[in-house]
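# Coordinate analysis (summary)
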Amino acid sequence: MLNKGIREEELFAFLAEKKSADIDHDYILSSMCTIPHSVAVRAHCMFMETNLGDPGLFPGTFSLEQLLVKRLGTLYGCPDAGGYATSGGTESNIQALRLARASRSDVAEPNVIVPESAHFSFKKACDMLGLTVRPVALDLNFRMDAEMAAGLIDKNTVGMVGIAGTTEYGMVDPIARLAAIASQHDLFFHVDAAFGGLVIPFLDDPIPFDFSLPGVTTIAVDPHKMGMSTIPCGGLITRDPELLNTLNVDTPYLTVKQAYTLAGTRPGAPVVGALAVLDYLGVEGMKAVVAGCMKNTQRLIAGMETIGFARAVTPDLNVATFACPKVAVPAPWRVSWTRKNHLRTVCMPHVHADRVEAFLLAMQEHNTR
Ligand code: 0PR
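As the structure is a prediction and not an experimental result, all values here were calculated from the model.

## A short note on the domain arrangement of the protein chain
You can read the domains of the protein chain as domain 1 (8-36 + 282-366) and domain 2 (38-278). Listed per partner, the contact involves 29 residues of domain 1 and 34 residues of domain 2. Roughly 2700 Å² is buried in total at the junction of domain 1 and domain 2, and carbon and sulfur atoms are behind 68% of that figure. Linking domain 1 to domain 2 there are 2 salt bridges. Note that Arg339 and Glu168 form a salt bridge whose closest N and O atoms lie 3.0 Å from each other. There are 10 residue pairs in polar contact (both at pLDDT 80 or more) connecting domain 1 and domain 2. Residue assignment for the side of domain 1 that touches domain 2 shows that the elements contributing at least two residues are helix 8 (269-307), strand 10 (319-322) and strand 12 (343-346). Considering each element in turn, the side of domain 1 that touches domain 2 owes the most residues, 8 residues, to helix 8. Classifying every residue of the side of domain 1 that touches domain 2 by side-chain character gives 17 nonpolar, 7 polar and 5 charged.

## Structural notes on the site of the ligand
Taken together, the neighbourhood of the ligand is formed by 18 residues, with Thr90, Thr167, Asp192, His224 and Lys225 sitting nearest. Interatomic distance of 3.1 Å between a backbone N/O atom of Gly89 and an oxygen atom of the ligand. Contact distances for the ligand include 3.0 Å between an oxygen atom and a side-chain N or O atom of His119. When the free accessible area of the ligand is taken as 590 Å², the share hidden by the protein chains comes to 76%. Looking at which element gives the most residues to the shell around the ligand, the answer is helix 4 (residues 89-103), with 3 residues. When the residues that make up the shell around the ligand are grouped by side-chain class, the tally is 4 nonpolar, 10 polar and 4 charged. Each of two domains, domain 1 (8-36 + 282-366) and domain 2 (38-278), supplies a minimum of three residues to the shell around the ligand.

## With respect to unusual backbone geometry
The peptide bond linking Ile231 to Pro232 adopts the cis configuration, its omega dihedral lying at 0 degrees. With respect to the helices and strands, the residue Pro232 is situated in the loop between strand 6 (218-221) and strand 7 (234-238). Note that the residue after Ala331, namely Pro332, is joined by a cis bond; omega there is 0 degrees. Residue position: Pro332 is located in the loop between strand 10 and strand 11 (336-337). The backbone of Phe142 sits at a positive phi, close to 60 degrees, despite the residue not being glycine. Looking at the element boundaries, Phe142 is found in the loop between strand 3 (132-136) and helix 6 (146-152). Even without a glycine there, the phi angle at Met228 is positive, about 55 degrees. Here Met228 shows up in the loop between strand 6 and strand 7.

## Regarding helix 5 (residues 121-129)
An α-helical turn contains 3.6 residues, so a residue and the one three or four places further along point in the same direction. Turning to helix 5, its buried residues number three or more, namely Ser121, Phe122, Ala125 and Cys126. The buried residues of helix 5 all sit within an arc of 135 degrees when viewed along its axis, so they share a single face. Away from its buried face by more than 90 degrees, helix 5 exposes Lys123, Asp127 and Met128. Residues of helix 5 that are buried make contact with helix 4, strand 2 (111-115), strand 3, strand 4 (157-163) and strand 5 (189-192). Gly130 occupies a position one or two residues after helix 5 and carries a positive phi of about 65 degrees.

## Here's the deal with the pairing of strand 5
The two faces of strand 5 match: Phe189 and Val191 on one face and His190 and Asp192 on the other face are all buried. When strand 4 meets strand 5, the two strands line up parallel, connected through 4 bridges. Its bridge partner lying in strand 5, Val161 is registered against His190. Once the chain exits strand 4 it traverses helix 7 (residues 175-185) before rejoining the sheet at strand 5, and the crossover so formed is right-handed.

## Re the sheet that holds strand 10
Across a sheet, strands are paired by hydrogen bonds formed along the backbone, either parallel or antiparallel in direction. Spatially, 10-12-11 is the arrangement adopted by the 3 strands of the open sheet, whose pairing is antiparallel. Sheet topology places strand 10 and strand 11 at the edges, where each strand pairs with a single neighbour. Judged from the 2 bridges that link them, strand 11 and strand 12 form a sheet pairing that is antiparallel. Along strand 12, the bridge assignment pairs Ser336 with Arg344. Sheet strands touched by helix 8: strand 10 and strand 12. Its angle to strand 10, the strand with the most contacts, is close to 15 degrees.

Here is what the cut-offs are and how they apply
- Residues numbered from 1 in each chain as written.
- Predicted model: local features only at pLDDT ≥ 70, side-chain atom pairs only at ≥ 80, totals over all residues.
- Heavy atoms only, no water.
- Domains from an automatic or database assignment.
- Contact = heavy atoms within 4.5 Å.
- Buried area = accessible area lost by both parts, 1.4 Å probe.
- Salt bridge = Lys/Arg side-chain N within 4 Å of Asp/Glu carboxyl O.
- Polar contact = N/O pair within 3.5 Å; in protein donor to acceptor, adjacent residues only side chain to side chain.
- Helix = DSSP H or I, 4+ residues; strand = E, 2+ residues; numbered from the N terminus.
- Nonpolar A, V, L, I, M, F, W, Y, C, P; charged D, E, K, R; others polar.
- Near = heavy atom within 4 Å.
- Areas by Shrake-Rupley, 256 points an atom, 1.4 Å probe, with all protein chains shown as cover.
- Buried < 20%, exposed > 50% of the residue type's maximum accessible area, 1.4 Å probe, protein only.
- Arc of directions from axis to C-beta.
- Pairing = 2+ DSSP bridges.
- Right-handed = clockwise from strand over helix to strand, strands pointing away.
- Axes fitted to C-alpha atoms, helices over the stretch in contact; angles between N-to-C directions.

See below:
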């Protein structure tokens with residue numbers, strides 16, 4: 001601590017200097033987050049002090065969280081779904097596996113079926129919950145092999161995970177087939193749509209992944225990714241509106257007597273921000289955003305292939321990956337690299353068409369000198 005506080009102007013000059021060291025979004029192709037929509041920022045500022053961890057003090061804010069769950073449940077074919085706003089995909093996935101574990105509390109040595117493409121949050125979840133992972137190999141298009149998944153189910157299996165929009169390649173697993181397998185085995189089936197949950201419904205040709213498939217139990221979706229909310233806002237949506245109550249613990253001195261959330265204190269601001277974006281844009285507005293991202297993805301793939309860097313796969317969503325050496329990417333561009341060493345880019349809403357052209361030009365110049 002400073003013994004004596006410093007002047008506000010001096011303080012903010014210091015903060016601004018530090019902020020200027022952050023990477024300019026114009027050069028960020030590696031992120032699944034984006035610049036928040038202006039209505040999310042406005043709503044966020046309006047609800048800055050709200051705490052959903054004690055909803056009885058903020059009934060108005062809490063009703064907006066419920067409205068967000070309603071909007072998402074309806075989008076996913078289940079208007080009466082339950083759920084709540086999490087801090088992001090990691091918390092949603094941990095909570096989903098807690099629910100899966102609780103659904104089979106009789107099993108002494110529980111395992112879960114998880115594709116090799118799964119986000120590392122599942123490692124954290126399985127570690128915390130004492131679950132053994134049964135990894136499922138991917139097919140040639142980096143989608144989970146559903147028949148192999150079916151073959152891995154045994155009497156100790158408490159749940160299965162499918163990914164609707166993989167982190168590394170933007171692929172959607174065969175969710176319809178997996179849901180049918182889950183139904184057959186009466187198995188808890190969680191769909192991680194942290195990324196794809198606000199892309200797939202707005203595609204020209206939506207891929208089935210949601211509660212319209214009877215076997216889907218829970219869905220993770222992150223407004224702080226393609227939903228353009230402020231950070232942090234994730235969502236865990238449950239087909240059964242009562243399901244989350246199985247995680248309830250007593251909270252004797254709060255305005256509510258029980259809670260199922262993982263976090264205690266929870267910000268209302270980004271949650272209202274998330275709702276604000278969805279209501280402001282509506283389905284039509286979201287379709288326009290997604291169409292732009294998909295168009296930019298296709299242009300990026302075509303442009304990279306013209307330069308000589310082949311796509312790793314044709315993605316289902318707005319993630320473009322390439323066979324390309326690390327030295328081929330010039331500064332200050334920020335891309336990422338998959339576990340299979342493919343160059344990975346995500347055409348988020350802040351990656352406008354002119355930035356795709358600027359990246360392609362930089363790649364062209366850097367690699368023809
Ligand atoms: N599930 C999927 C399919 C994800 O892609 C991610 C995160 C998660 C779960 C976990 O979500 P949270 O990070 O919200 O808990 N995917 C990105 C990734 O790990 C997150 C990210 C975003 C990373 C922006 C970097 C970055 O700059 O790549």
